Amino acid sequence: MSWLTQLARPDIVALAAYEHAAWLPELERLHANELPWRCAADPTLAGLNRYPEPQPRELVRRLASLYGVSPAQLLVTRGSDDGIDLLTRAFCRAGSDALLACPPTFGMYAVAAGIQGARLVEVPLRAAAGFALDEAALLAACSAAVKLVFLCSPNNPTGNLLSRAAVLRVAEKLDGRALLVVDEAYIEFAGVASLTEHVDKLPQLVVLRTLSKAHGLAGARCGAVIAAPEVIALLRKVISPYAISQLTVECVMSFLAAGNPAALTERVAIIQAERARLAEELGRLGLIARVWPSAANFLLVDCRDVEAAALALRLSSAAGLLIRDLRRLPGLEAALRISIGTRAQNDRLLEALR
Ligand SMILES: *Cc1c(COP(=O)(O)O)cnc(C)c1O
């Protein structure tokens, strides 16, 4: 048994996986208690009366080729949120194991720890250094109880990319000790390569990718965990047997058909241009003290003070626009997060704040 498997919860390693109904499309199905005919309004090719294929092979292959990994290194999930939950449930024993995260960051890591009953160890990013990773503090905090280290790059809600060299150094140091999970939900907006290319050499590295952000498919609920095949095999025991709906499978397969990569590049370029324009314009407003550099499709802004932040929220909502209030997060007491909208939406926001 490799160290990766030893790191997981022993009860999950020992668990006999649920035996789902065999997937043998060449035979007729009288083994899954499905209705034998389709409903009239069924929009799918396969028929919604049938259970979908668990880990649909064509979709796994398509996503593996999109991300440049092998199908054995990829698990299709209901978005990255599902991947975060599966990793936490498979690797952290309730009441004893811990998950490490670096706030301010995506809230789901702490929620997943809370649901599983795992301890949350927090090593704050260094705001004074543009929310850079505190490598030494992180490694010092990695006790034997820490099974998973979550990093988010570009980080939500601060928008910055973590140093690739620093992340890879941390990965090397965690060899044999813990999994390093890098959440790359926004990587397409950053214009840099994904860390997926390192998963072959670094079996402790797990990369989370999603179709929810740059691919514009948040409503489809589709993401991927990219990891060593042993990690994927463990997660397959934990994911619910028919997790990915046939509607999602067919929708995603058609969206990922030839031609879409060019559309993605175009969309990303538009968002990047609007991001630069909005950052510059916001920086000129009296309410705003600082616009942080962003490699994602949102901007973190510090308002002059807490009252200025409250006013900015009221003005935006009066203009019919929702922006994210971050004031309850430590270190972000006057901060807001603004998603990059269409040019017209961004203009309306600027107008309202002026
Ligand atoms: C939006 C977001 C996700 C969630 O993605 P889904 O694939 O829609 O579940 C994951 N991680 C981060 C950092 C996010 O901001």
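Residues numbered from 1 in each chain as written. Predicted model: local features only at pLDDT ≥ 70, side-chain atom pairs only at ≥ 80, totals over all residues. Heavy atoms only, no water.

**Here's the deal with the overall build of the protein chain**
Quick note on the threshold: By definition, any uninterrupted DSSP run of H or I lasting at least four residues is a helix, any uninterrupted run of E lasting at least two residues is a strand, and each is numbered from the N terminus. Here the radius of gyration uses the C-alpha set of atoms, whereas the globule reference equals 2.2 Å times the residue count to the power 0.38. Throughout this description, buried means an accessible area under 20% of the type-specific maximum (1.4 Å probe, protein chains only), exposed means over 50%, and partly exposed covers the range between. Exposure was quantified through the Shrake-Rupley algorithm and a 1.4 Å probe, taking into account, for residues, occlusion by the shown protein chains and nothing else. Counted charges follow a simple rule, with Lys and Arg positive, Asp and Glu negative, and His plus the chain ends left uncounted. Every charge is mapped onto a representative atom, which is NZ of Lys, CZ of Arg, CG of Asp or CD of Glu.
When helices and strands are tallied, the protein chain shows 12 helices and 11 strands. Over its C-alpha atoms the protein chain spans a radius of gyration of 22 Å, differing by no more than 12% from the 20 Å that the globule rule assigns to 354 residues. With respect to the principal axes defined by its C-alpha atoms, the protein chain has extents near 70 × 55 × 30 Å. Buried residues in the protein chain amount to 53% of all 354 residues. Accessible surface, the protein chain as shown: approximately 16,200 Å² in total, 57% of it carbon and sulfur. Within the protein chain, one finds 37 positive and 35 negative side-chain charges whose respective centroids are separated by 2 Å.

**Here we look at the pairing of strand β2 (residues 98–101)**
Remember that side chains alternate between the two faces of the sheet whenever the strand is regular. Basically, it comes down to this: For two strands to count as paired, DSSP must find a minimum of two bridges between them. Seen with its strands pointing away from the viewer, a crossover is right-handed if its path from the first strand over the helix to the second goes clockwise.
Burial along β2 is two-sided: the residues Ala98 and Leu100 and Leu99 and Ala101 are all buried. Two elements, β2 and strand β3 (residues 119–122), share 4 bridges in a ladder whose sense is parallel. Residue pairing across strands places Ala101 opposite Glu122, the latter belonging to β3. Handedness of the β-α-β unit built from β2, helix α5 (residues 108–116) and β3 comes out right-handed.

**With respect to the sheet that holds β2**
Just so we agree on the cut-off: Axis lines are fitted to C-alpha atoms, over the contacting stretch for helices. Their N-to-C directions set the angle, which ranges from 0 to 180 degrees.
Pairing in this open sheet of 7 strands is mixed, and the strands run β1-β7-β6-β5-β4-β2-β3 from one edge to the other. Each end of this open sheet is capped by a strand with a single partner; those strands are β1 (74–77) and β3. Geometrically, the sheet is characterised by an average inter-axis angle of 20° between neighbouring strands, direction not taken into account. Bridging between strand β6 (residues 205–210) and strand β7 (residues 223–226) involves 4 bridges; their strand directions are antiparallel. In the strand pairing of β7, Thr210 is matched with Gly223.

**So, the site of the ligand**
Rule in force here: Throughout, near means a residue has at least one heavy atom within 4 Å of the molecule or strand. Whenever two N or O atoms come within 3.5 Å, that pair is a polar contact, provided that in protein one can donate a hydrogen and the other can accept it, and provided that, for residues adjacent in sequence, both atoms are side-chain atoms. Ten residue types, Ala, Val, Leu, Ile, Met, Phe, Trp, Tyr, Cys and Pro, are classed as nonpolar, four, Asp, Glu, Lys and Arg, as charged, and the remainder, Gly among them, as polar.
Looking at the ligand, there are 13 residues lining it, with Ser80, Tyr186, Thr210, Ser212 and Lys213 nearest. Between the ligand and Ser80, the relevant distance is 2.6 Å, taken from an oxygen atom to a main-chain nitrogen or oxygen of the residue. Measuring from a nitrogen atom of the ligand, one finds a side-chain N or O atom of Asp183 at 2.6 Å. For the ligand, whose unbound accessible area comes to 390 Å², protein coverage reaches 93%. Among the elements that make up the shell around the ligand, the one with the highest residue count is helix α4 (residues 79–91) (3 residues). Here the shell around the ligand is built from residues that sort into 4 nonpolar, 5 polar and 4 charged.

**Quick word on the nonpolar core**
In plain terms, the rule: Residues belong to one nonpolar core when they are buried, are Ala, Val, Leu, Ile, Met, Phe, Trp, Tyr or Cys, and are joined through side-chain atoms within 4.5 Å. Every residue pair with non-hydrogen atoms within 4.5 Å of one another is taken to be in contact.
Judged by nonpolar contacts, the single largest core of 89 residues is most densely connected at Leu74, Leu87, Phe91, Leu133, Leu138 and Leu180. At 6 residues, strand β4 (residues 146–152) tops the list of elements feeding residues into this core. If we skip the residues at most four places from it in the chain, Leu87 touches Cys92, Leu148, Leu179, Val181, Val206, Leu208, Val231 and Leu235. Of all hydrophobic cores here, the second largest spans 30 residues; its members include Leu264, Leu299, Val301 and Leu350.

**Points about the sheet that holds strand β8 (residues 288–291)**
In space, the 4 strands of this open sheet follow the order β8-β9-β11-β10, with antiparallel pairing throughout. A strand with exactly one partner marks an edge of an open sheet, and here the two such strands are β8 and β10 (324–325). With 5 bridges connecting them, strand β9 (residues 298–303) and strand β11 (residues 335–339) associate as antiparallel partners. Bridge pairing in β11 links Val301 to Leu336. Its contacts with the sheet place helix α10 (residues 260–283) against β8, β9 and β11, and it is angled at close to 10° to β9.

**Some thoughts on helix α8 (residues 229–238)**
What counts here: Think of it as the arc spanned by the lines of direction from the helix axis to the C-beta atoms.
Those residues of α8 lying buried are Val231, Ile232, Leu234, Leu235 and Val238. In a view along the axis of α8, the buried residues occupy a sector of 160°, so they form one face of it.

**As for the environment of Leu99**
Note that Leu99 resides in strand β2. For Leu99, a relative accessible area of 0% translates into the label buried. When the C-alpha atoms of Leu99 and Asp134 are compared, they prove to be 16 Å apart, with 35 residues separating the residues in sequence.

**Brief notes about the pairing of β6**
β6 sits mainly inside the fold: 6 of its 6 residues count as buried. The alternating pattern of β6 places Leu205, Val207 and Arg209 and Val206, Leu208 and Thr210 on opposite faces, both of which are buried. Taken together, the 4 bridges between strand β5 (residues 179–183) and β6 define a ladder with parallel strand orientation. The partner of Leu180 across the bridge, within β6, is Leu205.

**Details of the packing of aromatic side chains**
Ring pairs (aromatic) are described by centroid distance and by the angle formed between their planes. Applicable threshold: Classification of ring pairs uses Phe, Tyr and Trp, with its six-membered ring standing for Trp, and accepts pairs whose centres are within 6.5 Å; under 30 degrees between planes counts as stacked, over 60 as edge-to-face, and the remaining range as tilted. Throughout this description, the term charge over a ring refers to an Arg CZ or Lys NZ atom that lies within 6 Å of the ring centre and within 35 degrees of the ring normal.
On inspection of all chains with the given rule, the structure shows 5 aromatic pairs. Considering the side-chain rings of Phe106 and Tyr109, the 5.7 Å spacing of their centres and the 75° angle between planes classify their relative orientation as edge-to-face. With a relative accessible area of 22%, Phe106 lands in the partly exposed category. With a centroid separation of 5.0 Å and an interplanar angle of 80°, the aromatic rings of Tyr186 and Phe298 are classed as edge-to-face. Of this pair, Tyr186 sits in the loop between β5 and β6 while Phe298 sits in strand β9, and the two are 112 residues apart along the sequence. A residue is classified by how much of its surface remains accessible, and Phe298, at 2% relative accessible area, is buried. Taken together, the ring pairs connect Phe106, Tyr109 and Phe150 into an aromatic cluster. The lysine or arginine in question, Arg290, covers the ring of Trp292, its NZ or CZ lying 3.7 Å from the ring centre.

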